[in-house]
Amino acid sequence: MKKLLNDPRRFVADALAGFAEAHADIVRVQSSPVFVTRLRMSAGKVGVVSGGGSGHEPLHVGFVGHGMLDAAAPGEIFTSPTPDPILAATREAHQGAGVLYLVKNYTGDVLNFETAAELAAMEGIAVRTVVIDDDVAVQNSEFTAGRRGVAGTVLIEKIVGAAAERGDGLDALADLATRLTASVRSIGVAIGAPTVPHSGKQSFELAPDEIEFGIGIHGERGRARVGMAPADELADRALEAVLDDIPREGERTIVLVNGMGATPPAELYVVYRRIAERLRGIGAHIERSLVGSYVTSLDMAGFSVSLLSVDDELLSLWDAPVRTAALRWGM
Amino acid sequence: MKKLLNDPRRFVADALAGFAEAHADIVRVQSSPVFVTRLRMSAGKVGVVSGGGSGHEPLHVGFVGHGMLDAAAPGEIFTSPTPDPILAATREAHQGAGVLYLVKNYTGDVLNFETAAELAAMEGIAVRTVVIDDDVAVQNSEFTAGRRGVAGTVLIEKIVGAAAERGDGLDALADLATRLTASVRSIGVAIGAPTVPHSGKQSFELAPDEIEFGIGIHGERGRARVGMAPADELADRALEAVLDDIPREGERTIVLVNGMGATPPAELYVVYRRIAERLRGIGAHIERSLVGSYVTSLDMAGFSVSLLSVDDELLSLWDAPVRTAALRWGM
Amino acid sequence: MILDTAWAVAWMTRAASDIAEQAGELGELDRAIGDGDHGENMNRGFTAVRASLTDVAEDALPADVLKTTAMRLISSVGGAAGPLYGTAFLRAADAVSGRAHLDGDDVLALLDAGLGGIEERGKASPGDKTMVDAWAAAVDAARGAAERDADALEVLRAAARGAQHGAESTDRLLAHKGRASYLGERAVGHRDPGAASTAILLRAAAQAAEA
Amino acid sequence: MILDTAWAVAWMTRAASDIAEQAGELGELDRAIGDGDHGENMNRGFTAVRASLTDVAEDALPADVLKTTAMRLISSVGGAAGPLYGTAFLRAADAVSGRAHLDGDDVLALLDAGLGGIEERGKASPGDKTMVDAWAAAVDAARGAAERDADALEVLRAAARGAQHGAESTDRLLAHKGRASYLGERAVGHRDPGAASTAILLRAAAQAAEA
Ligand SMILES: Nc1ncnc2c1ncn2[C@@H]1O[C@H](COP(=O)(O)OP(=O)(O)O)[C@@H](O)[C@H]1O
Ligand SMILES: Nc1ncnc2c1ncn2[C@@H]1O[C@H](COP(=O)(O)OP(=O)(O)O)[C@@H](O)[C@H]1O
Ligand SMILES: [Mg+2]
Ligand SMILES: [Mg+2]
Ligand SMILES: [Mg+2]
Ligand SMILES: [Mg+2]
């Protein structure tokens, strides 16, 4: 394992400390328990809180700030945070108008946020939770833990954060997040496995000509192991999987082509070129796009594609000013 | 070689096409010859033009836009562009006030921009060229090609771009760029080699416990091959090399911790934590920072550290609004 | 040994060292069909548990130890296993609250309550290839022993054997809960890491009673 | 064969196929002490040169072919080699402008002008471990032959042999120009890729004259 780190046990703490230093104008990183809040809360606003395992940076801590998240609780590498930091984050994010949890659908995240919500309720904080499950790689059936929450989360956090900033109430925000969750779909492709610092081992082994199609963001295996193929073919297959599953054919859409951590920008743009070409081909309209590494899996190589169906209102929320470590415009 | 691409010969073109699609609100990518311009030029402003080999994205094309570059000429992978696209970019960037070339110090870049400048002059366009050579890994002696231009380039492009936007004239801008070049120093460390698409081979081979200290951004070997070490130790050594060389001890500084392409954000923040700690330790003040992958080497793993000494005026130029694909704030 | 507070502390202490010893293997199981962190998670949790059990109050009951264990697991494990084991030990504590010495029926009640907690929070049933398979097999075996009027140690031993069989039984299952459920057929042939850690924990309970 | 326009075209055509054939090796040389693109760069350039020489005007002179070659190299190679070879062929064209048939002295003048162009633009001297070493050795050998009143073919053959020796001589040198100069001692033992491509180009010139 070759990584820029000191001790695997210090990795999350060191990275957060560096993050705190680098973005002291936007966030504050608290310790015992560890969570991240924006520097200045907007009084009276509904708090939007997320969190989950570390190793997916900039998700979630990089999206704390004006117009997006009020607080985030980062767990250990690929491990949901415990209820304590979520509760502490909730208390800070609560400005009298309640708190919305945006939770990626993993058993651990769901359970720990659930406990935090119960504890917050006991303190008189109104909490609503929306579980995000955008990964079409996983069947959403009674026989699985349900679809996973992956890169589409960023799109939801941005839009819900903007709606919170404009003053929407807790129930309206929960409804919006629920609606967004129903309109976003993603799928991931790994061409190289991540190495978890603690074990020093790759999460899975790929032959030189193999890839993992439908990969999760924790190195959980996907739909199938298949042969490596040209980028256009991979993009086509990913897009098809998303289009097969997305409700409404997404005539107006926001597209996210996301890097998994070890994939350089040029390769992501190669994938995006094809996605855009194909969407044009079926008459869809890309209203906005993001191409970059926003939801990573440590040093996994590969990409994911997310599509979100949008209308004018969602677009204006997307365009609203945002100032976070990893997403910033309009201010 | 496992990369998201179709055909090595199409790689640069495909990536640029995707880049054009994704950022059609900011840039226009022109073909035959290939170069990138901002969507709207500011009339009467000095044009700021850069360029160089591809494979370093977002440099330079990702820095074309309001408040930074007016145009950029991307070459083949790791290969300087020829004079034609530079000249074409120059013509578009010329809004009556002349054009400043910001050129990284490589024989190829210097010669091709030189030829373009001659041709531009024949067309009556005033051109000034500033060669950036911030890499302290290389001795600046008569017996080398001189120091290389590396990640510090981003800092210079941002500040010079802001000065151009506020209306500075060509000579003032060239002076500013020259002054900045004298005040910025960088060094890079590779923990994994990049693979050039055409050859399909890694630029160099590293044993599992080896790294390349003082690496260039084209996989050119550095000062020495040394043993892998904890991130803090690597950060210390890199910082020392930079501090040894930077004029004025850099009491007020902008710090860039740059990812080489395959290094995820968390690892960069681990490095930044240490850099910030050490700089505080010697009484230096980090006025601003950038942590992210801004000057990459395809899928090389590793980081570089750049320091730029600043004063109030430079800081206000740094803070001025910028709207490019890869750097954006204030608008 | 009588199953008193000292036993409960011994259980958790032994569990902590067994988990520490086998964290690598648990991680490997999770790497195969999950995300590789189960050993690390459990080790972090039981290290915290052990630290908080160094000075148990004189008048503490077994339930207090179980409750402390639960709270430490909830606040230090994270992931799926943290809340599930946390709930299990909370319910277990509840099931034996007020009791200073546990008999065979108490042990059965403790285990059964733990199982109920996990099933309820995880919405999992036996056969879903989770820690529930190990717990359910442990409870079945413990019930058989208790019905034969075995003593507490015998009930614990039966539970430990049951948990081990339950864990082994997950090898051939498809997963319907947790991360392994994404894998479909590809999970078959691999043991569920949570079931494996349950087997370690319940074996520690019996061994603590034997010592 | 007389060194006329057909020879010049044959030279570049042969150069194009030799470079294409050895692009991999040139890339490897550059990968060792540079950035690995020299083979790719030269191949892209000479592919463009070959394409632009398919319909040379009837009244074209050798100098026209050299000039076209220069322009295509400048506009398609990029990197360091593009402007350097471009300048070399521009100057070479200039040196034989107006001549329909080149004799031994013309060949020497052509090569010497090319060398001068490279030295001037690259600010390199013999011994710096660059293409200059191959060109300089070629010019020296060509001069020796021309002074012995050798014919044009003989001068070309001498130049080709000289270039090859010059390229080989770079193996043991430290580099003072180009990317290899960053390597210090680590460049020793490796051949300069530009010197190697020069040897290929000048051998092609002789072979085109022999055919
Ligand atoms: N819904 C569930 N019900 C019961 N047990 C579950 C459930 N989901 C997961 N588990 C158990 O948790 C174990 C995984 O724990 P761990 O790896 O620590 O958490 P995570 O899956 O969040 O990484 C699985 O092996 C399984 O035994
Ligand atoms: N200053 C110089 N003078 C003469 N030749 C040079 C100089 N710099 C580089 N070269 C030649 O150029 C060759 C490298 O060409 P190439 O790999 O195509 O360009 P780049 O170095 O830009 O990647 C070197 O092997 C050397 O022969
Ligand atoms: Mg986990
Ligand atoms: Mg090059
Ligand atoms: Mg796990
Ligand atoms: Mg080269």
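About the cut-offs
- Residues numbered from 1 in each chain as written.
- Chains lettered and ligands numbered in written order.
- Predicted model: local features only at pLDDT ≥ 70, side-chain atom pairs only at ≥ 80, totals over all residues.
- Heavy atoms only, no water.
- Helix = DSSP H or I, 4+ residues; strand = E, 2+ residues; numbered from the N terminus.
- Rg over C-alpha atoms; globule rule 2.2 N^0.38 Å.
- Buried < 20%, exposed > 50% of the residue type's maximum accessible area, 1.4 Å probe, protein only.
- Contact = heavy atoms within 4.5 Å.
- Areas by Shrake-Rupley, 256 points an atom, 1.4 Å probe, with all protein chains shown as cover.
- Lys, Arg positive; Asp, Glu negative; His and termini not counted.
- Charge placed at Lys NZ, Arg CZ, Asp CG, Glu CD.
- Donors = N, O, S within 2.8 Å, 3.2 Å for Na, K, Ca; no water.
- Buried area = accessible area lost by both parts, 1.4 Å probe.
- Salt bridge = Lys/Arg side-chain N within 4 Å of Asp/Glu carboxyl O.
- Polar contact = N/O pair within 3.5 Å; in protein donor to acceptor, adjacent residues only side chain to side chain.
- Nonpolar A, V, L, I, M, F, W, Y, C, P; charged D, E, K, R; others polar.
- Pairing = 2+ DSSP bridges.
- Right-handed = clockwise from strand over helix to strand, strands pointing away.

A. Just the overall build of chain A, in detail. Counting its secondary structure elements, chain A contains eight helices and 17 strands. For 331 residues, the compact-globule estimate of 2.2 N^0.38 gives 20 Å, and chain A sits close to it at 19 Å. Over its C-alpha atoms, taken along the principal directions, chain A stretches across nearly 55 × 50 × 40 Å. Counting the 331 residues in chain A, one finds 66% classified as buried. The contacts of chain A with a sequence gap of at least 6 include a subset with a gap of at least 24, amounting to 72%. Of the accessible surface of chain A, which amounts to about 9900 Å², a share of 49% is contributed by carbon and sulfur atoms. With 31 positive and 43 negative side-chain charges, chain A shows a spacing of 3 Å between the two charge centroids.

B. Spatial organisation of the overall build of chain C. Check the secondary structure of chain C and you find eight helices and zero strands. When its helices and strands are written in sequence order, chain C yields α-α-α-α-α-α-α-α. Projected onto its principal axes, the C-alpha coordinates of chain C cover approximately 50 × 35 × 30 Å. Counting every position in chain C, which comprises 211 residues, the buried fraction comes to 57%. Here the analysis covers contacts within chain C between residues at least 6 apart in sequence; of these, 71% occur between residues at least 24 apart. Accessible surface, chain C: about 7800 Å² in total, of which carbon and sulfur atoms supply 49%. Distance from the positive charge centre (21 side chains) to the negative charge centre (32 side chains) of chain C: 5 Å.

C. How the structure looks around the coordination of the magnesium ion (ligand 6). Residue and element names in this part refer to chain D. At 2.0 to 2.2 Å from the magnesium ion (ligand 6) lie its protein donor atoms, namely Asp30 (OD), Asp35 (OD) and Asp37 (OD). Spacing between the donor residues of the magnesium ion (ligand 6) along the chain follows D-x4-D-x1-D. Here the magnesium ion (ligand 4) and the magnesium ion (ligand 6) are spaced 3.5 Å from one another, each receiving a donor from Asp35. On the accessibility criterion, Asp30 (8% relative accessible area) is buried.

D. Quick peek at the interface of chain B and chain D. The interface is formed by 39 residues belonging to chain B together with 29 residues belonging to chain D. If you sort the residues of chain B by the area they bury against chain D, Thr79(B), Leu111(B) and Arg221(B) come out on top, with a joint share of 20%. The interface formed by chain B and chain D holds five salt bridges in total. Salt-bridge contacts for Arg179(D) lead to Glu220(B); the nearest nitrogen and oxygen are separated by 2.8 Å. In this assembly, chain B and chain D are joined by 16 residue pairs in polar contact (both at pLDDT 80 or more). Ranked by residue count, the leading element in the side of chain B that touches chain D is helix α3 (residues 107-122) of chain B, at six residues. Among the residues making up the side of chain B that touches chain D, the classes are represented as 12 nonpolar, 16 polar and 11 charged.

E. Quick peek at the pairing of strand β7 (residues 127-132) of chain B. All names here are of chain B. Inspection of the sheet shows strand β6 (residues 99-104) paired to β7 by six bridges, in the parallel sense. By the bridge assignment, Val103 is partnered in β7 with Val131. Handedness of the β6-α3-β7 crossover: right-handed.

F. Up close: the arrangement of the chains. Most contacts, when the three pairs of chains in contact are compared, are made between chains A and B. Contact between chain B and chain C is absent, and the minimum C-alpha spacing across the pair is 18 Å.

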